[in-house]
Amino acid sequence: MKGTFVLVAGLALVAAGCSNVKQVPDESAVRNIIDAQNQELIECWNGGEYECVAAAFSEEGWQMMPNAQAQAGTEAIRRFWQQAFGWGQWEFSMEPSLLEQSGPVAIERGKYTIRFVADAAAPPGRPSSQDRGNYVTHWRLDSDGRWRIAAQALVSEVPARVIPAPPAVVPQTPQAPQ
């Protein structure tokens with residue numbers, strides 16, 4: 001009996017020592033950390049700091065902005081914002097409404113607003129605009145102990161701009177001589 005107890009206790013210690021589970025703070029601490037990182041991200045966006053925006057994402061992170069192609073990876077996100085910040089002034093705000101955490105993963109949901117004031121460098125067809133909608137952010141605790149964005153999707157509530165179609169060309173049929 002004593003041998004069985006020693007064996008079971010030894011196996012329990014070995015299993016605990018081999019655990020690969022990341023130690024994460026409690027939910028209220030995670031909420032505070034993510035709130036602070038959201039504030040930093042907003043300051044980066046509003047200040048035109050593309051390196052700072054990209055640093056908020058994990059190496060393989062995705063960002064899906066309204067009316068734009070998805071950007072995959074920090075390098076693509078950095079290039080996208082470097083270009084976009086050259087078009088004019090951006091102003092972002094976010095209002096988180098929910099954060100659910102499970103171990104090293106957290107999902108955040110909320111509302112956002114974006115205001116963009118185009119300048120002369122903006123491409124044709126990229127006028128000043130305002131947008132609002134809902135967002136979902138998938139946060140992940142990276143191996144260095146920092147929460148980073150694994151995926152972020154902003155879904156607009158603003159109807160898309162309608163671009164008038166060119167007038168239809170009706171082929172003319174030759175008329176028979178009279």
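To start, this report covers the structure provided alongside it. Just so it is clear, the model here is predicted, and its values are computed rather than measured. (Residues numbered from 1 in each chain as written. Predicted model: local features only at pLDDT ≥ 70, side-chain atom pairs only at ≥ 80, totals over all residues. Heavy atoms only, no water.)

A word on the packing of aromatic side chains
The relative placement of two aromatic rings is captured by the distance of their centres and the angle of their planes.
So, step 1. Scanning the entire structure with this criterion turns up eight aromatic pairs.
So, step 2. Seen in terms of ring centroids, W81 and F85 are 5.1 Å apart; in terms of plane orientation they differ by 35°. Their pairing is tilted. Note that W81 and F85 are positioned in helix α4 (residues 74–85) at a spacing of four residues, about one turn of the helix.
So, step 3. With relative accessibility at 13%, the residue F85 sits in the buried group.
So, step 4. Summarising the aromatic geometry, the rings of W90 and F92 are spaced 6.1 Å apart at their centres and angled 20° between planes, so their arrangement reads as stacked.
So, step 5. Feature note: the residues W45, F80, W81, F85, W90, F92 and F116 constitute an aromatic cluster, connected by ring pairs.
So, step 6. Sitting above the plane of the F116 ring, R126 keeps its charged end 4.6 Å from the centroid. (Phe/Tyr/Trp six-rings, centres within 6.5 Å; stacked < 30°, edge-to-face > 60°. Helix = DSSP H or I, 4+ residues; strand = E, 2+ residues; numbered from the N terminus. Buried < 20%, exposed > 50% of the residue type's maximum accessible area, 1.4 Å probe, protein only. Lys NZ or Arg CZ within 6 Å of the ring centre and 35° of its normal.)

Here's the deal with α4
So, step 1. For α4, with twelve residues, the first-to-last C-alpha span of 16 Å sits near the 16 Å given by 1.5 Å per residue.
So, step 2. Tucked inside the fold, the buried residues of α4 contact α2 (27–47), α3 (50–55), β1 (57–64), β2 (71–72), β3 (88–102) and β4 (105–118). (Expected span 1.5 Å × (residues − 1). Contact = heavy atoms within 4.5 Å.)

Some words on the state of the cysteines
So, step 1. Counted by the stated rule, this structure contains one disulfide.
So, step 2. What pairs with C44 in a disulfide is C52, and their sulfur atoms sit 1.7 Å apart. (Disulfide = S-S within 2.5 Å.)

Notes on α2
What sets the pattern is the α-helix's 3.6 residues per turn: residues three or four places apart point alike.
So, step 1. The first and last C-alpha atoms of α2 sit 30 Å apart over 21 residues, in line with the 30 Å expected at 1.5 Å per residue.
So, step 2. Of the positions making up α2, those classed as buried are V30, R31, I34, Q37, N38, L41, I42, C44 and W45. Angularly, the buried residues of α2 cover 155° about the axis, an arc narrow enough to put them on a single face. Those residues of α2 that are exposed and aimed more than 90 degrees away from the buried face are S28 and N32.
So, step 3. Downstream of α2 by one or two residues, G48 has phi in the positive range, about 70°. (Arc of directions from axis to C-beta.)

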